[in-house]
Amino acid sequence: MTQTHEGKTAVVTGAAQGIGQAFAVALAERGARVVAVDLADCDETVQRIERLERVEGTNAVAIRADVSDPGAMPRILAAARAWGGADILVSNAAIQEFVPFEHMNFAQWRRIMSVNVDALFHLAQALLPDMRERGWGRIVAMSSNTFHLGMPGASHYVASKGAVQGFVRSLAGEVGVDGVTVNAIAPSLTRTPGTSGGPQDAQGQFEMAADRQAIKRTESPADLVGALAFLTSDAAAFVTGQTLLVDGGWAHA
Ligand SMILES: NC(=O)c1ccc[n+]([C@@H]2O[C@H](COP(=O)([O-])OP(=O)(O)OC[C@H]3O[C@@H](n4cnc5c(N)ncnc54)[C@H](O)[C@@H]3O)[C@@H](O)[C@H]2O)c1
């Protein structure tokens, strides 16, 4: 594996499982040190990183934190600063549920927004100053192709993923001058612990998604790693404010 991310420190949220775990391991494989943040235990992710063939030394640390809680940011910042400060932020942690709008209450709406949108605010506020000071930074946030398609029963989730796209589009214009890029990735329905065994399986949504995509199979976290590796690398220095649809061609089919 080419060490495209050697010397970089990456904060990856939602790193205990699914796409976030794949991202954390992929960045470590490319040479980055990883601060793996999750409400859940990230030990498995850290162990997978420690098993990689690497130069000696610790390359990953787990932080148990709620990313919607501003009070958690000092711990995340301190962990990144122990390695010189965050160069890369991957804001991946999110929650999803299906509730028809007529049954949705404001607490449910706010819960989705606090994890999927407010956390992006808190994390970027905490980690951006170090990136700007060093003149290099990469922020990648997870959106979803449901923003382009709509998803009945998930108006709060889809609105939150649209907010992510608006945020990266605008913040990019403020921080490009300091060498920081800000982008989003929008997957199709992806097989992860978060989507397996729930309504998506019960309603045959994986089969439906595969059928609607140009590439007719279920997306996996591994399908997203190339986009993440690119957007967080030097090679993507002139790519900012964008949302990259990595959805097997659904939105275009
Ligand atoms: N899987 C899909 O089909 C799909 C499709 C489009 C977009 N996405 C997006 O990709 C990202 C990852 O999806 P996934 O399917 O791997 O998710 P997942 O549900 O499998 O894992 C999410 C992780 O985030 C953590 N998390 C949740 N709330 C948190 C909080 N408040 N603080 C810290 N950690 C928290 C969970 O503990 C979990 O480990 C999400 O942003 C999701 O919206 C996923």
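Relevant structure appears above.
Per chain, residues are indexed from 1 in the order of the written sequence. The model is predicted, so local features are restricted to residues of pLDDT at least 70 and side-chain atom pairs to those at 80 or more, both for listing and for counting; the totals for chains, interfaces and linings are taken over all residues. Heavy atoms throughout the structure, all of them, feed into the side-chain values; hydrogens and water do not.

A short note on the packing of aromatic side chains
Between 30 and 60 degrees the pair is tilted, below 30 it is stacked and above 60 it is edge-to-face, where a pair is any two Phe, Tyr or Trp rings, Trp via its six-membered ring, whose centres lie within 6.5 Å. Evaluation of the coordinates by the stated rule reveals zero aromatic pairs. The side chain of Lys-8 reaches across the aromatic face of Trp-136, ending 3.9 Å from its centre. Two limits define a charge over a ring: the Lys NZ or Arg CZ must be within 6 Å of the ring centre, and within 35 degrees of the ring normal. Directly above the aromatic system of Phe-206 lies the positively charged group of Arg-191, at a separation of 3.8 Å from the ring centroid.

As for the site of the ligand
For this purpose, a residue is taken to be near a molecule or strand whenever a single non-hydrogen atom of the residue falls within 4 Å of it. Around the ligand, the surrounding shell holds 27 residues, and the nearest of these are Asp-38, Asn-92, Tyr-157, Thr-190 and Thr-192. Identification of polar contacts relies on pairs of N or O atoms within 3.5 Å, with a donor-acceptor requirement for protein atoms, meaning one able to donate a hydrogen and the other able to accept it, and with residues adjacent in sequence counted only if both atoms are side-chain atoms. A distance of 3.2 Å is found between a nitrogen atom of the ligand and a backbone nitrogen or oxygen belonging to Leu-39. Separating an oxygen atom of the ligand from a side-chain N or O atom of Thr-192 is a distance of 2.6 Å. Numbering goes from the N terminus for both helices and strands, where a helix is a DSSP run of H or I of at least four residues and a strand is a run of E of at least two. Only helix H1 (18-29) and helix H6 (155-175) provide two or more residues apiece to the shell around the ligand. Across the shell around the ligand, the residue classes break down as 13 nonpolar, 11 polar and three charged. Gly falls in the polar group here, along with every residue not listed as nonpolar (Ala, Val, Leu, Ile, Met, Phe, Trp, Tyr, Cys, Pro) or charged (Asp, Glu, Lys, Arg).

Some remarks on the side chain of His-122
Mapped onto the elements of the fold, His-122 is located in helix H4 (residues 106-134). Using a relative accessible area of 15% as the deciding quantity, one classes His-122 as buried. If we skip the residues at most four places from it in the chain, His-122 touches Val-67, Ser-68, Pro-70 and Met-73. Partly exposed describes any residue whose relative accessible area lies between the buried limit of under 20% and the exposed limit of over 50%, with all areas from a 1.4 Å probe on protein chains only and scaled to the type maximum. Here, two residues are considered to be in contact whenever any of their heavy atoms come within 4.5 Å of each other.

Digging into the nonpolar core
One finds Val-11, Val-37, Ile-76, Leu-127 and Val-182 to be the most contacted residues of the largest nonpolar core, which totals 32 residues. For this core, the secondary-structure elements that each account for two or more residues are strand S2 (33-38), helix H3 (73-81), H4, strand S5 (137-142), H6 and strand S6 (180-187). Take this core: its biggest share by element is eight residues, from H4. Nonpolar cores are built from buried Ala, Val, Leu, Ile, Met, Phe, Trp, Tyr and Cys residues. Side-chain atoms within 4.5 Å join them into one set.

Considering the pattern of salt bridges
Salt bridges are identified by distance alone: a Lys or Arg side-chain nitrogen within 4 Å of an Asp or Glu carboxyl oxygen. On inspection of all chains with the given rule, the structure shows seven salt bridges. The residue Asp-130 makes a salt bridge to Arg-81 at a minimum N-O spacing of 2.8 Å. Taken together, the residues Asp-130 in helix H4 and Arg-81 in helix H3 connect sequence positions 49 residues apart. Since its relative accessible area comes to 10%, Asp-130 is described here as buried. On the basis of relative accessible area, Arg-81 is assigned to the partly exposed category, the value being 48%. Where Arg-191 meets Asp-201, a salt bridge forms, and the shortest distance between an N and an O atom there is 2.8 Å. With Arg-191 in the loop between S6 and helix H7 (199-202) and Asp-201 in helix H7, the pair connects residues that are 10 residues apart, well separated along the chain.

Shape descriptors only; they carry no functional weight alone.
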